[in-house]
Amino acid sequence: MALWEGRFKKELDSKTNDFNSSINIDKRMCKQDIKGSIAHATMLGKQNIIKKEESKKIVNSLEEILKDIENGTLKIDKEAEDIHMFIESELTSRIDDTGKRLHTARSRNDQVTLDLRLYLRDEGKSMINLLKELIKTITEKAKENLETIMPGYTHLQRAQPITFAYHLMAYTEMFMRDICRIEDTLKRMNVNPLGSCALAGTTHDIDRNLTSKLLEFDYPCHNSLDGVSDRDYVIEFSASLSLIMVHLSRLSEEIILWCSWEFKFIELDDAFSTGSSIMPQKKNPDIPELIRGKSGRVFGHLSSLLTMMKGLPLAYNKDMQEDKEAIFDSIDTVKMCITTLIPMLKTMKVLKENMEKAAKKGFINATDCADYLVKKGMPFRKAYKISGSLVSYCLDNNKTLDTLSLEEYKKFTDLFDKDIYESIDLKNIVFKRKSYGGPNPETVKKHIEIIENKL
Ligand code: ARG
């Protein structure tokens, strides 16, 4: 019989019970639920709302329940409506009337949001650690490629020479921002809703500061109606996870391109690639493709959460039960993506010669050819036009800027001299780009130091 049997004459229809139940999803918050109940029972005892012995008995029994769940002797009952009901009925089955005192001055409405805050707080911290590991992996790869010249792209057209280290380090900035976003979300999330009760607080003399302290919250929420209605923290967390997926997906897209025969900048280790069932020659980048694909479900969950919340009148509505499936699946997905990506990045082979070969084609030193003339006193727009005409001349005559003779250069302007060749040398170009945040290897090394210090 349900906990509300006094008011009801019938049991819940069994199919409706399945529909209504959330135990399969929220059972993963069992530790947090018990932790919250222990703090609540401790406070009830301290405040003499229940007897001290009763409080102790409840706490001891809750600790045993947790132990039994962890060692597998207590199975979570699939028939229970949710984890809160399950733990409470297990408690009453063990210590009877004393257990029935636990829910004094509490509601499932403050309990569920308490559990979820505690759960997401733990997950947020482990997500930050995972991101740090990913960033570390990327910086290690960058260190090995400080002088690996490759073409930088705009519009997926070869644009200017950069290094592979420089390209990789761009991603560390994105993932550092992701860490900051989660830290920021955690700060706002760390407010204690316990004691909000159903929606309007309680007439019992509870101590919300004590439960806040016991559960390491910064302070108790200032308005109980908001305390039980707020799911901003779930949405913020989900938005942070979505941005992580944007970054993972962009990196994956590049890896997929780089693996193709058209680029062949990298080769993934066999342990992180798959073959085709029919084409014997194939080696497919399934992992980055899946990461790119899985971004869709994480974005979808964000959209579900926003839509689920936008029309809800205060305070608790059952719609809100849907929040957990969305955020849990987002967390699982992002974690899985990062943990698979890390070893794949560690083992991928960088084909430096191919990158350099690609950099030699596509006239990516044309800007530097124009800059050469600017340094000799020509206005940039004029220099730009001459450099463009040189490219056009090269295309017509099947040449490149570094294979043109000095006479050919001089036909375009007298300002050209022997030193043009070192000015358009790819390595020189990269080394001379010393502007702050640029691809010069020393500059990138400093960036790596900054990131490593922050970690
Ligand atoms: N399983 C519910 C949820 O996840 C717990 C809160 C239920 N509260 C209620 N008044 N029905 O949202």
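Starting from 1, residues in each chain are numbered consecutively following that chain's sequence as written. The predicted origin of the model limits local features to residues at a pLDDT of at least 70 and limits the giving and counting of side-chain atom pairs to 80 or more, whereas totals for whole chains, interfaces and linings rest on all residues. Just so you know, side-chain values use all the structure's heavy atoms and leave hydrogens and water out.

Quick look at the overall build of the protein chain
Phase 1 of the analysis: Counting from the N terminus, the helices are DSSP H or I runs at least four residues long and the strands are E runs at least two residues long. A tally of regular secondary structure across the protein chain gives 19 helices and six strands.
Phase 2 of the analysis: Atoms considered for the radius of gyration are the C-alpha atoms alone. The globule rule reads 2.2 Å times the number of residues to the power 0.38. A globule of 455 residues ought to have a C-alpha radius of gyration of about 23 Å, yet the protein chain, at 31 Å, is considerably larger.
Phase 3 of the analysis: Once the C-alpha set of the protein chain is aligned to its principal axes, its extents read approximately 100 × 55 × 40 Å.
Phase 4 of the analysis: Areas reported as accessible are Shrake-Rupley estimates using a 1.4 Å probe. Residue values count occlusion only from the protein chains shown. Only carbon and sulfur atoms are counted for the fraction: they give 52% of the accessible area of the protein chain, which is about 23,200 Å².
Phase 5 of the analysis: Under the convention used here, Asp and Glu are negative, Lys and Arg are positive, and both His and the chain ends fall outside the count. One atom stands in for each charge, and that atom is NZ of Lys, CZ of Arg, CG of Asp or CD of Glu. Each charge class in the protein chain was averaged separately, 69 positive and 70 negative side chains, and the resulting centres sit 3 Å apart.

Thoughts on the site of the ligand
Phase 1 of the analysis: Around the ligand sit S22, D26, D82, H84, R108, N109, V112, Y316, Q321 and K324, and that is every residue in its neighbourhood.
Phase 2 of the analysis: At a separation of 2.5 Å, an oxygen atom of the ligand approaches a polar side-chain atom of Y316.
Phase 3 of the analysis: Contacts described as polar in this section are N or O atom pairs within 3.5 Å, which, within protein, must combine one atom able to donate a hydrogen with one able to accept it, while residues neighboring in sequence count only if both atoms come from side chains. In the model, an oxygen atom of the ligand is placed 2.8 Å from a nitrogen or oxygen of the K324 side chain.
Phase 4 of the analysis: Compared with its free state, where it exposes 340 Å², the ligand has 87% of that area covered by protein.
Phase 5 of the analysis: The element best represented in the shell around the ligand is helix α6 (residues 108-143), accounting for three residues.
Phase 6 of the analysis: Counted by class, the shell around the ligand contains two nonpolar, four polar and four charged residues. If even one non-hydrogen atom of a residue comes within 4 Å of a molecule or strand, that residue is called near it. Amino acids outside the nonpolar list (Ala, Val, Leu, Ile, Met, Phe, Trp, Tyr, Cys, Pro) and the charged list (Asp, Glu, Lys, Arg) are all regarded as polar, and Gly is one of them.

Remarks on the side chain of D82
Phase 1 of the analysis: Structurally, D82 can be placed in the loop between α4 (52-70) and α5 (83-99).
Phase 2 of the analysis: Within the local environment of D82, its side chain forms a polar contact with the backbone nitrogen of M85, the two atoms lying 2.9 Å apart.
Phase 3 of the analysis: In contact with D82, other than residues within four places in its own chain, are S22, I23, D26 and R108. Pairs of residues are marked as contacts when any of their non-hydrogen atoms sit within 4.5 Å.

With respect to the nonpolar core
Phase 1 of the analysis: In terms of nonpolar packing, the biggest core is built from 71 residues, with L248, I255 and I266 touching the most fellow members.
Phase 2 of the analysis: Of all the secondary structure elements, the ones that give two or more residues to this core are α6, α7 (164-189), α10 (232-259), α11 (286-310), α12 (322-347), α13 (352-360) and α19 (441-454).
Phase 3 of the analysis: Among residues more than four places away in sequence, those in contact with L248 are L134, F175, I291, C337, I338 and L341.
Phase 4 of the analysis: The next biggest cluster of nonpolar side chains, apart from the first, holds 25 residues, and it includes A41, M43, L62 and L102. Note on terminology: a nonpolar core comprises buried Ala, Val, Leu, Ile, Met, Phe, Trp, Tyr and Cys residues joined through side-chain atoms within 4.5 Å. For every residue, the accessible area obtained with a 1.4 Å probe (protein chains only) is divided by the maximum for its type, and the residue is called buried under 20%, exposed over 50%, and partly exposed between those limits.

Here's the deal with the pairing of strand β1 (residues 149-154)
Phase 1 of the analysis: One bridge is not enough; two strands pair if DSSP finds at least two bridges between them. Of the strand pairs in this sheet, β1 and strand β2 (residues 157-163) are connected by six bridges, and their pairing is antiparallel. Paired with P151 across the bridge in β2 is P161.
Phase 2 of the analysis: Taking the residues between adjacent antiparallel strands as the criterion, β1 and β2 are bridged by two residues, where H155 takes a positive phi near 55 degrees.

Quick look at α11
Note: α-helices contain 3.6 residues per turn, so residues at a spacing of three or four share the same orientation.
Phase 1 of the analysis: To estimate how far a helix should reach, multiply one less than its number of residues by 1.5 Å. For α11, built from 25 residues, the straight-helix expectation of 36 Å at 1.5 Å per residue is met to within 8% by its first-to-last C-alpha distance of 37 Å.
Phase 2 of the analysis: Within α11, the full set of buried residues consists of I287, P288, I291, S295, V298, H301, L302, L305, M308 and M309.
Phase 3 of the analysis: Against the buried residues of α11 lie α9 (224-229), α10 and α12.

A few points about unusual backbone geometry
Phase 1 of the analysis: A cis amide bond links L314 to the next residue, A315, at an omega of 5 degrees.
Phase 2 of the analysis: Note that A315 resides in the loop between α11 and α12.
Phase 3 of the analysis: Phi is positive for A105, close to 55 degrees, though the residue is something other than glycine.
Phase 4 of the analysis: Since its relative accessible area comes to 9%, A105 is described here as buried.
Phase 5 of the analysis: Here the phi dihedral of C197 falls at roughly 60 degrees; this positive angle occurs in a residue that is not glycine.
Phase 6 of the analysis: When its relative accessible area of 5% is taken as the criterion, C197 is described as buried.

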